[in-house]
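The lines below spell out each chain.
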Amino acid sequence: MPALGDRVLARWPQEKSWWYPGVVVGDGPSPEVQFDDGDRSMVAVAEMRPLQVAIGTKLQCRWKGGEAYYPGKVAAVYGHAMHIAYDDGDQEVTSICMIRINEADL
């Protein structure tokens, strides 16, 4: 069970197939999660997991911090920063707060 302050990947309630990084800021059967983009929502414990992203993880990332997400894989991890190799050949080092992961890739 996640505890207050734990970094998690949590399913955004309005987008059932996408998981986003955040931090647990409430407790109970559906603790409140503050997502890295600033949104907050109550999320069932079953729809959270520890925030662990490893080399090779398939995800989508916001290129240069923009609005749109693009598919790629994690090429390297540096704490909360990571090197993303996008499917179109572009690459960048970015923050874990710029990612989302599809349910199918967890």
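Throughout what follows, the structure given in this document is the object of discussion. This one's a predicted model, so the numbers in the text were calculated from it and none came from an experiment.

## As for the pattern of salt bridges
Then comes step 1: All told, the structure shown has six salt bridges when counted by the stated rule.
Then comes step 2: The shortest N-O distance in the salt bridge between D36 and R7 comes to 2.7 Å. Taken together, the residues span a long stretch of sequence, with D36 in the loop between β3 (32-35) and β4 (40-42) and R7 in strand β1 (residues 7-11) at a distance of 29 residues.
Then comes step 3: Exposure remark for R7: the relative accessible area of 28% places this residue in the partly exposed category.

## Description of the pairing of strand β6 (residues 58-62)
Then comes step 1: With respect to burial, β6 is a largely interior element, four of its five residues being buried.
Then comes step 2: Two strands pair when backbone bridges link them, and β6 and strand β7 (residues 69-78) are joined in this way by five bridges, in the antiparallel orientation. Each residue of the ladder has a partner; that of L59, found in β7, is G72.
Then comes step 3: Pairing of β6 with strand β10 (residues 99-102), which is carried by two bridges, proceeds in the antiparallel orientation. In the strand pairing of β10, C61 is matched with I99.

## Some points on the nonpolar core
Then comes step 1: Counting 14 residues, the largest nonpolar core has V53, L59, C61, M82, I84 and I99 as the members making the most contacts within it.
Then comes step 2: Listing elements by their share of this core, those giving two or more residues are β6, β8 (81-86) and β10.
Then comes step 3: It is β8 that contributes the most residues to this core, three residues altogether.
Then comes step 4: Excluding anything up to four places from it in sequence, L59 contacts V53, Y70, P71, G72, V74, M82, I84, I99, R100 and I101.
Then comes step 5: In terms of nonpolar packing, the next biggest core, distinct from the first, is built from ten residues, W12, Y20, V33 and M48 among them.

## Observations regarding the environment of I99
Then comes step 1: Here I99 is to be found in strand β10.
Then comes step 2: For the pair I99 and A54, spaced 45 residues apart in sequence, the C-alpha to C-alpha distance is 13 Å.
Then comes step 3: Every residue in contact with I99, bar those within four places of it in the chain, is listed here: Y20, P21, V53, L59, Q60, C61, Y69 and M82.

## Re the environment of K16
Then comes step 1: Along the chain, K16 falls in the loop between β1 and β2 (18-24).
Then comes step 2: Residue K16 is classed as partly exposed on the basis of its relative accessible area of 46%.
Then comes step 3: Residues in contact with K16, not counting those within four places in the same chain, are R11, E47 and E103.

Analysis parameters
- Residues numbered from 1 in each chain as written.
- Predicted model: local features only at pLDDT ≥ 70, side-chain atom pairs only at ≥ 80, totals over all residues.
- Heavy atoms only, no water.
- Salt bridge = Lys/Arg side-chain N within 4 Å of Asp/Glu carboxyl O.
- Helix = DSSP H or I, 4+ residues; strand = E, 2+ residues; numbered from the N terminus.
- Buried < 20%, exposed > 50% of the residue type's maximum accessible area, 1.4 Å probe, protein only.
- Pairing = 2+ DSSP bridges.
- Core = buried A, V, L, I, M, F, W, Y, C linked by side-chain atoms within 4.5 Å.
- Contact = heavy atoms within 4.5 Å.

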